[in-house]
Amino acid sequence: MGGGLYAELRRVLLQHGCRFVRQGKGSHEIWESPITGKRFSVPVTIKARPTANAILR
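Residues numbered from 1 in each chain as written. Predicted model: local features only at pLDDT ≥ 70, side-chain atom pairs only at ≥ 80, totals over all residues. Heavy atoms only, no water.

Chemist: Help me understand the overall build of the chain in this model?
Modeler: When helices and strands are counted, the chain shows two helices and three strands. Reading the helices (α) and strands (β) of the chain from amino to carboxyl end gives α-β-β-β-α. For 57 residues, the compact-globule estimate of 2.2 N^0.38 gives 10 Å, and the C-alpha radius of gyration of the chain, at 10 Å, lies within 12% of that figure. In terms of overall dimensions, the chain has C-alpha extents of about 25 × 20 × 15 Å along its principal axes. Counted over contacts in the chain with a minimum sequence separation of 6, partners at least 24 positions apart contribute 32%. About 4000 Å² of surface is accessible on the chain, with carbon and sulfur atoms providing 54% of the total. (Helix = DSSP H or I, 4+ residues; strand = E, 2+ residues; numbered from the N terminus. Rg over C-alpha atoms; globule rule 2.2 N^0.38 Å. Contact = heavy atoms within 4.5 Å. Areas by Shrake-Rupley, 256 points an atom, 1.4 Å probe, with all protein chains shown as cover.)

Chemist: Quick question: what am I supposed to make of the pairing of strand β3 (residues 39–43) here?
Modeler: On a regular strand, one side chain projects to one face of the sheet and the next to the other, so that they alternate. The pairing of strand β2 (residues 28–32) with β3 spans five bridges and is antiparallel. Of the residues in β3, the one forming a bridge with Glu32 is Arg39. If you look at the hairpin formed by β2 and β3, you'll find six residues sitting between the two strands, and Gly37 has a positive phi there, around 80 degrees. (Pairing = 2+ DSSP bridges.)

Chemist: Would you mind showing me how to read the packing of aromatic side chains here?
Modeler: Between two aromatic rings, the relevant description is the distance of the centres plus the angle of the planes. All told, the structure shown has one aromatic pair when counted by the stated rule. Centroid distance Phe20 to Trp31: 5.9 Å. Interplanar angle 80 degrees. Geometry classified as edge-to-face. In this pair, Phe20 is assigned in strand β1 (residues 19–23) and Trp31 in strand β2, connecting sequence segments eleven residues apart. (Phe/Tyr/Trp six-rings, centres within 6.5 Å; stacked < 30°, edge-to-face > 60°.)

Chemist: Please explain the environment of Ser27 as it appears in this structure.
Modeler: Take Ser27: it is sitting in the loop between β1 and β2. A relative accessible area of 30% places Ser27 in the partly exposed class. The residues touching Ser27, leaving out its near neighbours within four places in the chain, are Val42, Pro43, Val44 and Thr45. (Buried < 20%, exposed > 50% of the residue type's maximum accessible area, 1.4 Å probe, protein only.)

Chemist: Just checking my understanding: could you explain the sheet that holds β3 for this structure?
Modeler: Strand pairing in a sheet relies on backbone hydrogen bonds. The paired strands run either parallel or antiparallel. Strand order in the open sheet formed by three strands is β1-β2-β3, and the pairing between neighbours is antiparallel. Looking at the sheet topology across the chains shown, the edges are occupied by β1 and β3. Sheet twist, expressed as the average angle between the axes of neighbouring strands with direction ignored, equals 35 degrees. Sheet topology note: the β1/β2 ladder contains four bridges and is antiparallel. Among the inter-strand pairings, Arg19 is bridged to a residue of β2, identified as Glu32. Lying on the sheet, helix α1 (residues 6–15) is in contact with β2 and β3; it crosses β3 at an angle near 155 degrees. (Axes fitted to C-alpha atoms, helices over the stretch in contact; angles between N-to-C directions.)

Below is the structure:
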């Protein structure tokens, strides 16, 4: 898969009930939050912790 923080971020998302919806464009995936019902993109090549934190918010 990707490098950097992707594996850790994916593990946290799954633990909190988020679900993988589909592959997005390029190196992005589309996920859905069970709390808000909104969809958001997650880059597979994520390397910066501030970006990972923003996704988790």
